[in-house]
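Examining the three-dimensional arrangement
Residue strings, one per chain:
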Amino acid sequence: MIHSQQRAPIMEALQRYQAARVVPFDVPGHKHGRGNSELAAFLGETCLQHDVNSMKPLDNLCHPVSVIKEAELLAAEAFGAKHAFLLVNGTTSAVQAMVMTACKAGEKIIMPRNVHRSAINALILSGAVPVYVNPGVDDNLGIPLGMAVEEVKLAILEHPDAKAILINNPTYYGICSNLKEITELAHEYEMLVLVDEAHGTHFYFNDRLPASAMSVGADMASVSMHKSGGSLTQSSFLLINNGVSEGYTRQIINLTQTTSGSYLLMSSLDISRKNLALHGQEIFNKVIEMAQYTRDEINKIDGFYAYSKELINGDTIFDFDESKLSIHTRGIGLAGIEVYDILRDEYDIQIEFGDVANILAYISVGDRKLDLERLVAALTEIRRRYKRDSSSLFDHEYINPEIIQTPQQAFYAPKEILSLPNAVGRVASEFVMCYPPGIPIVAPGERVTKEIVDYIEYCKEKGCFLTGTEDPNVEIINVVKEADR
Amino acid sequence: MNLWYTEDHSPHVRFSFRVEEHLYTATSEFQKIDVFQSTEFGRILTLDGYVMVTEKDEFIYHDMIVHVPLATSPAIEKVLVIGAGDGGTVRELTRYPNIKQIDMVEIDRQVVEVCQKFLPKTAAQLTDPRVNLYFEDGLKFVRQQENAYDLIIVDSTDPFGPGEGLFTKEFYGNCYKALNDEGILVNQHESPFYAEDARGMQRAHKSIMGFFPISKVYQAHIPTYPSGHWLFGFASKKYHPIEDLQADIWNELGLKTNYYNTKLHAGSFALPNYVKELLIHAE
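Quick caveat, the model's predicted, so the values are computed rather than measured.

Procedures and definitions
Residues numbered from 1 in each chain as written. Chains lettered and ligands numbered in written order. Predicted model: local features only at pLDDT ≥ 70, side-chain atom pairs only at ≥ 80, totals over all residues. Helix = DSSP H or I, 4+ residues; strand = E, 2+ residues; numbered from the N terminus. Rg over C-alpha atoms; globule rule 2.2 N^0.38 Å. Buried ≥ 20, exposed ≤ 12 C-beta atoms within 10 Å, placed from the backbone. Domains from an automatic or database assignment. Contact = placed C-beta atoms within 7 Å. Nonpolar A, V, L, I, M, F, W, Y, C, P; charged D, E, K, R; others polar. Axes fitted to C-alpha atoms, helices over the stretch in contact; angles between N-to-C directions. Parallel < 35°, antiparallel > 145°, perpendicular 65-115°, else oblique. Left-handed = near helix turned anticlockwise from the far one by under 90°. Pairing = 2+ DSSP bridges. Core = buried A, V, L, I, M, F, W, Y, C linked by C-beta atoms within 7 Å. Arc of directions from axis to C-beta. UniProt positions renumbered as here; feature names shortened; annotations may be inferred.

Time to look at the overall build of chain A. Scanning chain A from terminus to terminus reveals 14 helices and 20 strands. In terms of overall size, chain A behaves like a compact globule, its C-alpha atoms giving a radius of gyration of 23 Å where 485 residues would be expected to give roughly 23 Å. A buried classification covers 54% of the 485 residues belonging to chain A.

Structure representation (structure tokens):
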């Protein structure tokens with residue numbers, strides 16, 4: 001052990017810096033908040049005192065040699081990785097760094113199509129070529145699942161030149177693929193295994209949860225510490241393992257990451273890592289118990305289905321994250337997004353997201369029993385007041401894409417603008433997605449079909465927040481010019 | 001010795017009484033519980049530093065929260081009481097021979113135990129055979145009931161802390177469901193006077209009137225509550241609190257009360273103009 005997990009080197013360095021009462025003739029210009037009293041009053045003076053610049057005693061995120069390096073080593077130890085990078089530009093930047101470290105332009109990467117937009121954005125930036133594996137779909141719940149091992153194997157055999165395979169662990173809904181077997185399979189064919197663990201930070205700190213990427217020997221993982229880990233929004237870890245080069249990965253990160261790394265974000269990563277390393281088992285036991293209690297109570301309400309491990313099928317649902325509270329709402333005749341809106345507008349309850357058939361309530365150690373009771377009681381009321389026939393509801397969330405071009409080719413191709421209905425049959429040059437969850441309905445390079453357009457219209461009608469197109473109203477879409485195809 | 005208890009009635013107003021003895025202090029799973037012996041008000045129970053009940057003025061609150069619905073619908077047999085750990089509401093209910101069942105749901109067992117020990121004046125009837133005590137979350141209890149009660153009395157603390165779930169729309173909606181077609185809901189409705197209390201009062205009124213065809217507010221003067229001007233809500237699926245008042249029947253029962261009478265019953269629904277305006281605004 002290099003250092004005790006009790007330590008938080010970045011926080012300690014900031015405390016030393018404060019105690020030294022250093023006179024700041026450097027940026028930021030608010031100078032410990034004194035130059036912007038309204039901001040200091042709003043965010044708190046302590047917060048602004050710690051919003052400082054890189055300097056020798058505080059290290060530098062672009063090239064860590066002292067306290068940030070120590071924080072990275074402690075994080076690597078806590079996560080069981082060869083090295084950990086502190087990131088301040090969201091897990092989006094971690095996913096992009098993984099893809100760009102593994103693949104150069106024109107190289108192939110195998111991935112499920114139900115990835116977050118950040119993964120496909122990485123393909124636009126890097127020019128890597130996606131090979132999509134269709135995820136399983138649960139017809140009853142209408143949600144995309146994990147990848148079947150056989151499907152992955154077929155993709156590998158068909159594309160033995162692929163450099164890497166990207167896996168969600170878990171999906172937004174809490175569903176895990178057979179990470180261990182897919183990792184072993186990929187390694188047999190000398191492919192890197194990249195794992196998007198935006199929703200899996202807690203897997204590293206509690207033995208009742210599904211396997212983490214590092215624990216099964218995956219090569220890289222992007223971990224949203226700010227979700228279940230408790231750090232500040234936008235802070236994240238990138239983990240590497242095995243033969244992945246620390247130096248090269250750092251270079252890739254530095255292509256796009258800020259040179260003014262925020263010490264608020266970095267210290268929040270440091271402190272949260274310490275907290276999870278010391279108390280994770282106990283914290284997530286509590287979260288699992290709260291989620292399970294709430295799930296059991298919700299399942300007593302006729303019409304809602306809060307699913308969990310009973311879904312496990314040994315393959316496309318290899319494991320389920322019990323700390324997630326995903327609820328299928330079609331049984332009461334409402335789209336998930338409608339329940340999401342009613343909860344907020346009528347009951348002052350904000351949940352994580354609603355899609356066409358499900359809602360997700362995010363449970364954490366910060367929740368109180370009485371708030372869980374409010375959620376259950378509000379759902380009881382929604383059933384009493386709104387239950388209706390469910391036959392008119394759309395029943396699936398996943399449309400198999402037809403890929404015509406790589407995301408980068410299509411994104412940068414000469415394009416023309418068409419209204420959505422007129423775009424049927426053409427190749428999209430941009431994304432359309434509901435956010436959250438941010439899984440593209442159509443991505444650049446994919447053919448726009450009537451099914452896709454109908455689905456987009458349905459999402460709009462139900463009140464989903466659509467995004468991705470240049471047109472803020474998502475009525476017109478950029479498509480690749482015919483002559484250039 | 002000069003020992004005083006002080007409570008903030010608003011961020012800028014304080015209320016104090018002289019304390020003779022601090023009889024009990026402890027922090028339960030939910031809140032801080034204290035009992036004082038005071039010179040003027042007798043024994044006093046506070047939760048998280050807010051006065052809940054005093055021996056001297058508790059009769060006003062408990063008279064008004066119980067006798068108003070019972071004089072409107074003397075046939076009431078099955079009652080759900082939520083909160084009310086001091087036992088005063090149940091004590092008044094047990095005076096009605098007609099009532100067959102009283103279910104009391106209090107989240108904090110320790111409050112009941114403390115009141116049974118230090119406030120026998122309010123808590124003595126909690127052992128009545130018609131009373132069933134449930135120590136659980138009121139919101140959880142009520143959402144599991146349907147068409148089950150003639151009367152629900154919400155004797156809650158404030159819209160913050162462990163009682164905050166009892167001021168929500170989901171709570172009142174579930175109360176509606178838990179009542180039968182003739183059901184009445186009476187609730188502690190906060191005060192119209194100080195801004196923060198008034199907001200809680202408006203929110204509660206808005207939620208209740210969204211569910212019940214009849215939704216009225218009545219008032220009482222309670223010296224130890226902020227401003228002394230306190231409100232109760234009366235909501236019903238069927239009975240109007242004044243038009244359906246059964247004054248003769250109630251008076252024949254011969255219950256001796258120190259605050260409530262059937263004339264005051266009707267008068268308590270006559271509200272000051274500023275309160276009426278607050279309610280109209282909430283609607």
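This part covers the domain arrangement of chain B. All names here are of chain B. Its domain assignment divides chain B into domain 1 (4-54) and domain 2 (58-282). Tallying the contact residues gives 20 residues for domain 1 and 20 residues for domain 2. Secondary structure elements with two or more residues in the side of domain 1 that touches domain 2: β1 (4-10), β2 (13-27), β3 (32-38), β4 (42-47) and β5 (50-54). Considering every element that reaches the side of domain 1 that touches domain 2, the biggest residue donor is β5, with 5 residues. For the side of domain 1 that touches domain 2, the class distribution of residues is 13 nonpolar, 5 polar and 2 charged.

Time to look at the packing of helix α5 (residues 90-102) of chain A against helix α9 (residues 246-256) of chain A. Residues and elements named next belong to chain A. At their nearest, the axes of α5 and α9 sit 9 Å apart, and the two run at 125° to each other. In this view, α5 runs oblique relative to α9, as classed from their interaxial angle. Note that α5 runs across α9; the crossing there is right-handed. Between α5 and α9, the contacting residues are Ser 93, Gln 96, Ala 97, Met 100 and Thr 101 on the first element and Tyr 248, Thr 249, Ile 252, Ile 253 and Thr 256 on the second. Looking at the contact of α5 with α9, its residues break down into 5 nonpolar, 5 polar and no charged.

Residue and element names in this part refer to chain B. With antiparallel pairing, 5 strands are arranged side by side in an open sheet as β1-β2-β3-β4-β5. Since the sheet does not close on itself, it has two edges, and those belong to β1 and β5, each with one partner. Taking each pair of neighbouring strands and ignoring which way they run, the sheet shows an average axis angle of 45°. With 6 bridges connecting them, β3 and β4 associate as antiparallel partners. Looking at β4, one finds that Phe 36 is bridged to Ile 44. Most of the contacts of helix α3 (residues 109-118) go to β3, to which it runs at about 15°, and overall it touches β2, β3 and β4.

Residues Val 99, Ile 165, Phe 237 and Leu 239 of chain A together with Ile 152 of chain B are the most contacted members of the largest nonpolar core, which totals 225 residues. If one sorts the elements of this core by residue count, helix α10 (residues 263-298) of chain A sits on top with 11 residues. With sequence-adjacent residues up to four places away left out, Leu 239 of chain A is seen in contact with Phe 79, Ala 81, Ala 84, Met 214, Met 220, Ala 221 and Val 223 of chain A.

Taken residue by residue, α3 of chain B has Val 111, Val 114, Cys 115 and Phe 118 of chain B as its buried positions. For α3 of chain B, the angular spread of the buried residues around the axis is 100°, confining them to a single face.

For the rest of this paragraph, the subject is unusual backbone geometry. Backbone torsion omega between Val 27 of chain A and Pro 28 of chain A reads 0°, so that peptide bond is classified as cis. Position of Pro 28 of chain A among the secondary structure elements: in the loop between α1 (9-19) and α2 (37-43). Following Asn 169 of chain A, the chain continues to Pro 170 of chain A via a peptide bond in cis, the omega torsion being -5°. Non-glycine residue His 32 of chain A carries a positive phi angle of around 60°. Mapped onto the secondary structure, His 32 of chain A falls in the loop between α1 and α2. A positive phi is found at Asn 147 of chain B, a non-glycine position, where the angle reads about 55°. Relative to the helices and strands, Asn 147 of chain B resides in the loop between α5 (138-143) and β9 (149-155). Residue class for Asn 147 of chain B comes out exposed when judged on the 10 C-beta atoms lying within 10 Å of it.

Here the focus is the interface of chain B and chain A. Counting residues at the interface gives 14 residues for chain B, matched by 11 residues for chain A. Looking at the side of chain B that touches chain A, the elements with two or more residues in it are α5 and α6 (169-178) of chain B. The element that contributes the greatest number of residues to the side of chain B that touches chain A is α6 of chain B, accounting for 6 residues. The residue inventory of the side of chain B that touches chain A, partitioned by class, reads 3 nonpolar, 4 polar and 7 charged.

UniProt feature "domain: PABS" (unreviewed entry): in the numbering of this structure it lies at residues 2-237 of chain B. Annotated as residues 2-237 of chain B, this span is 29% helix and 37% strand, and its ends, taken at the C-alpha atoms, are 52 Å apart.

All right, on to the UniProt feature "active site" (unreviewed entry) in chain B then. Residue and element names in this part refer to chain B. Mapped onto this structure's residue numbering, the UniProt feature "active site" (unreviewed entry) falls at Asp 155. Looking at the secondary structure, you find Asp 155 in strand β9. Those residues in contact with Asp 155 that lie beyond four places of it in its chain are Ile 65, Val 81, Ile 82, Gly 83, Ala 84, Thr 89 and Gln 188.

On to the domain arrangement of chain A. Residues and elements named next belong to chain A. Looking at the assigned domains, one finds that chain A contains domain 1 (61-255), domain 2 (280-386) and domain 3 (407-484). Using C-alpha coordinates to define each centre, domain 1 is positioned 26 Å away from domain 2. Each partner contributes residues to the interface: domain 1 has 24 residues there, and domain 2 has 22 residues. Classifying every residue of the side of domain 1 that touches domain 2 gives 14 nonpolar, 9 polar and 1 charged.

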